[in-house]
Amino acid sequence: MISTINRLQDALSDAGQSSLQLPQIAVVGSQSCGKSSVLENFVGRDFLPRGSGIVTRRPLILQLHHADAEYGEFLHCRGKKFTDFEEIRQEIEAETRRITGSNKGISPIPINLRIYSPNVLNLTLVDLPGITKVPVGDQPRDIEYQIRDMIMQYICQKNCLILAVTPANTDLANSDALKLAKDVDPQGQRTIGVITMLDLMDKGTDAREILENRLLPLRRGYIGLVNRSQKDIDGKKDIQAALIAEKNFFLSHPSYRDMSNRMGTPYLQRRLNQQLTKHIRDSLPALHSQLQCQLASISKEVETYKLYDSDDAIGRTKALIKLVQHLAGDVEKLIEGSADEVDTVSLSGGARINRIFHERFPYELLKMKCDESKLRQEIAYAIRNIHGVRTGLFTPDMAFQAIVKKQISQLKVPCFEFVDMVSKELVSTVYECINKLSSFPKLRDEIERIVTTEIGEQESTCRNQISLLIDMQLAYINTNHEDFIGFAHAQNTCNRSDNKTVAGSGPQQGVAPPSSLIVIHRGWLTVTNISIIAKDYWFVLTAESLCWFKDDEETEKRYMLLLDNLKIRDVDKGFMSSKFAFALFNTESRNVYKDHRFLELSCNSQEELDSWKSSMLRAGIYPEEVAVHTLDNGAPQKFTDPQLERQVETIRNLVVSYMSIMHKTVKDLMPKAIMHLMINSVKEFISSELLAQLYAVGDCSALMDESPEQRQRRQKVLSIHAALKAALTIIGEISTSNHSSPLNHSQSRTQSCSTTLPKKVTASKSRTRGRAPPIPIHADPSGRGPACVPRRPAPAIPASTK
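Q: So what's going on with the pattern of salt bridges? Which residues, and what values?
A: Considering all chains together, one arrives at 35 salt bridges under this definition. Counted as one network, the salt bridges with shared partners bring together Arg352, Arg355, Arg360, Glu425, Glu607 and Asp610.

Pasting the structure below:
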């Protein structure tokens, strides 16, 4: 079992997988408590660095293997055998300095040492730096906390047994090792107590109460040791002689004589071997599951790496084709909304383009500056200029043509801005997919250049086509359109409005007012100007009112604002503000809310702001610059000539009606044109022509050069994958070996029954016997065979065997 865990540890250490919690024993104690002496007594050799202050400055993973030969191996010097243990000491010191330098600093990077010897039992221990209180020399001031953190990284693991070493000449209640162990193992389930330096206790005192596990109980108990003194170490006292002296100490001491068989280094080594073996056996199922989970988490990434071989030109070409195909699929999915991973935080890809189609673009159309008084003035000038020196008796249609064409020409500005917005969003969407090729920087940069150029060309084509569409509308003014009101209807409207204020005409917009019960929009908004502290309210917008409530349950209404004569205007974003704001105001200079002339509202994102603006348009709340069917002062402009006034009003109604048709046409055609000419063309280019463009560049193999980071990542992932598979294979060998040769019924019966025999009988000389007769079929109807419990009680064990 222990050898298996050692193999697992080596395999995972090669792959840098130190995070896996393997069963092991961590040796914890304060400085100069005898930790190094305990480990050296296990090996029977002096091989650990010694000196004053902190000596162990990196964790030492010590793997002991029982073997005929005696030598050591380091994981960082694989294949090199150290037969001289003084060289092992020097190598530990050199490897420590290589990472931590020559000062007294520490590092959590472990040193792996494997020792083969006939004098050891299979065991794996982790020697950790000794706990210190006061920094010495050039140690950092927080050295105590650094060491504690490093120790905690090991002993916090549920698979780690804690060997808490405490000198006998200190108060057990002040033991740093037991305190740390108590923090992570309050029940003492994983802690083994070791009491060293029992020979240095004051005369008349002993540690019997501790060793009998009565003072501070631990589930696994305490074991007492006698280490070599500093004088013995300086005098090169042989460890074997020290072990004999330790045994004699326990046999001769009156307080420890009756427990001498449970004290000393050999007993501690056997006990640790048994405890670790049992702990490994109990931990294997969970360890197997953990390895399988880690293997599954990187399997998909490993499959992508296996398709790429940096040294195979054909493999590079295949990988290039695969990457381009995946890119085309990713762009298609992101735009069409069928991506493998759905973003639940914000809009992305096609959803952002859709928002531009149906929220941003209609709002930009209505933001076109249309001054009603200026429009009437332009119509009056057009009529007079057409009549010239004569006084006109009829309304000239040429004035209508001139004004309408001017209005149609102005549509090019929002349409071109619409193309720009979609183009930027398309570039952002494509870049999001191209960034997945960051493993191959040359390929990514080349694809980015080619696709960006293509989008620019398609944008130019789209602009030309949109300009052509506007020119087509200018070429022929269709006054026979079914939605156009016509001259007769415009004149009748003019006559009916002679004695009343022209407030507007709904049919020109072509939108029927919705019911007041239909909710257009709901959401949270922050009211920033009605109190000192901005407050969040739940707003509900309908076709007739804007209400806000205390919360989204809509039970406590705070206010209801009617939409009559309301308009919306933009509010500049503050320097330190992260909110996106707009304001509502009354066109008749009335207060909107109590003593406030306007209501300033804000939301958290540009998407929310655009959504609210679009909803305001549907509710009939238009931007400040737009006057829909009303004059700035609420009344029609007066002319001195009544006949001219009627002609202006007639032309104005005709213009408004025709431009309403044009707005609907443009709002319908522009998204279709951009979708066909730009978005679909770019998707088609990526899927069918991009690969040919890459081949036309020249050396395609050079495009597949990995970045240094990606090369390192690929090697690391493949190494981890191989290590995890090897670890699972090792654990599988254990399961196979445990079940490959099961005992037959008679063997298990004999073995289990033999446990009830007295020790004297079991210790007798074995004799060769013949095979047992077969069990009769009718002996047990259940088919389970005879029970292995003897029919009469076993004889008592003689007292002399104790």
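Q: Which residues make up the nonpolar core, and what are the values?
A: Within the largest apolar cluster, 73 residues are counted, with the highest numbers of intra-cluster contacts made by Ile674, Ile686 and Leu690. With 19 residues, helix H18 (residues 642-688) is the single largest residue contributor to this core. Once residues lying within four places of it in the same chain are set aside, the contact partners of Ile686 are Val324, Leu327, Ala328, Val331, Val430 and Val451. In terms of nonpolar packing, the next biggest core, distinct from the first, is built from 49 residues, Leu48, Phe85, Leu272 and Leu295 among them.

Q: Give a description of the packing of aromatic side chains that names residues and reports values.
A: Per the stated rule, a full pass over the model turns up 16 aromatic pairs. On the basis of an interplanar angle of 80° and a centroid distance of 5.8 Å, the ring pair of Phe484 and Tyr658 is categorised as edge-to-face. Of the two residues, Phe484 is situated in the loop between helix H15 (441-475) and helix H16 (486-496) and Tyr658 in helix H18; the sequence distance between them amounts to 174 residues. With respect to class, Phe484 is no different from Tyr658; both count as buried. Within the aromatic cluster, the residues linked to one another by ring pairs are Phe539, Trp548, Tyr559 and Tyr593. The positively charged end of Lys81 is found above the aromatic ring belonging to Tyr71, 4.6 Å away from the centroid.

Q: Could you give an account of unusual backbone geometry, naming the residues involved and the relevant values?
A: Peptide bonds are trans in most cases, and residues, glycine excluded, mostly fall at negative phi. At Met197, a position not held by glycine, the phi torsion is positive, near 60°. Relative to the helices and strands, Met197 resides in the loop between strand E7 (191-196) and helix H6 (208-211). Met197 gets classed as buried once you look at its relative accessible area, which sits at 18%.

Q: How would you explain the pairing of strand E6 (residues 160-167) if you had to name every residue and give the values?
A: Burial analysis of E6 places 8 of its 8 residues in the buried class, the great majority of the element. Sheet topology note: the strand E1 (residues 24-28)/E6 ladder contains 5 bridges and is parallel. Across the sheet, Val28 pairs through a bridge with Ala164, a residue of E6. Bridge count for E6 against E7 is 6 bridges, and the pairing is parallel. Within E7, the position partnered with Ile162 by the bridge is Thr191. For the crossover that starts at E6, traverses helix H5 (residues 176-184) and ends in the parallel E7, the hand is right-handed.

Q: Go over the environment of Pro396 with me, naming the residues and quoting the values.
A: By secondary structure assignment, the location of Pro396 is in the loop between helix H12 (372-387) and helix H13 (397-409). Excluding anything up to four places from it in sequence, Pro396 contacts Ile383, Ile386, His387 and Ile651.

Q: Talk me through the sheet that holds strand E5 (residues 123-127); I want residue IDs and the actual numbers.
A: Judged by pairing direction, the sheet is mixed, and its 8 strands sit side by side in the order E3-E4-E2-E5-E1-E6-E7-E8 without closing on themselves. The two strands at the open ends of the sheet, each matched to only one other strand, are strand E3 (71-74) and strand E8 (222-224). Each strand axis lies, on average, 25° off the axis of its neighbour in the sheet, ignoring direction. In this sheet, strand E4 (residues 111-117) lies alongside strand E2 (residues 60-66) in parallel orientation, the contact comprising 7 bridges. The partner of His65 across the bridge, within E4, is Tyr116. Of the strands in this sheet, E2, E3 and E4 are in contact with helix H3 (residues 85-100), which crosses E4 at around 170°. Against the sheet, H5 makes contact with E1, E6, E7 and E8, and its axis sits at roughly 155° relative to E6, the strand it touches most.

Conventions we followed
Residues numbered from 1 in each chain as written. Predicted model: local features only at pLDDT ≥ 70, side-chain atom pairs only at ≥ 80, totals over all residues. Heavy atoms only, no water. Salt bridge = Lys/Arg side-chain N within 4 Å of Asp/Glu carboxyl O. Core = buried A, V, L, I, M, F, W, Y, C linked by side-chain atoms within 4.5 Å. Buried < 20%, exposed > 50% of the residue type's maximum accessible area, 1.4 Å probe, protein only. Helix = DSSP H or I, 4+ residues; strand = E, 2+ residues; numbered from the N terminus. Contact = heavy atoms within 4.5 Å. Phe/Tyr/Trp six-rings, centres within 6.5 Å; stacked < 30°, edge-to-face > 60°. Lys NZ or Arg CZ within 6 Å of the ring centre and 35° of its normal. Pairing = 2+ DSSP bridges. Right-handed = clockwise from strand over helix to strand, strands pointing away. Axes fitted to C-alpha atoms, helices over the stretch in contact; angles between N-to-C directions.

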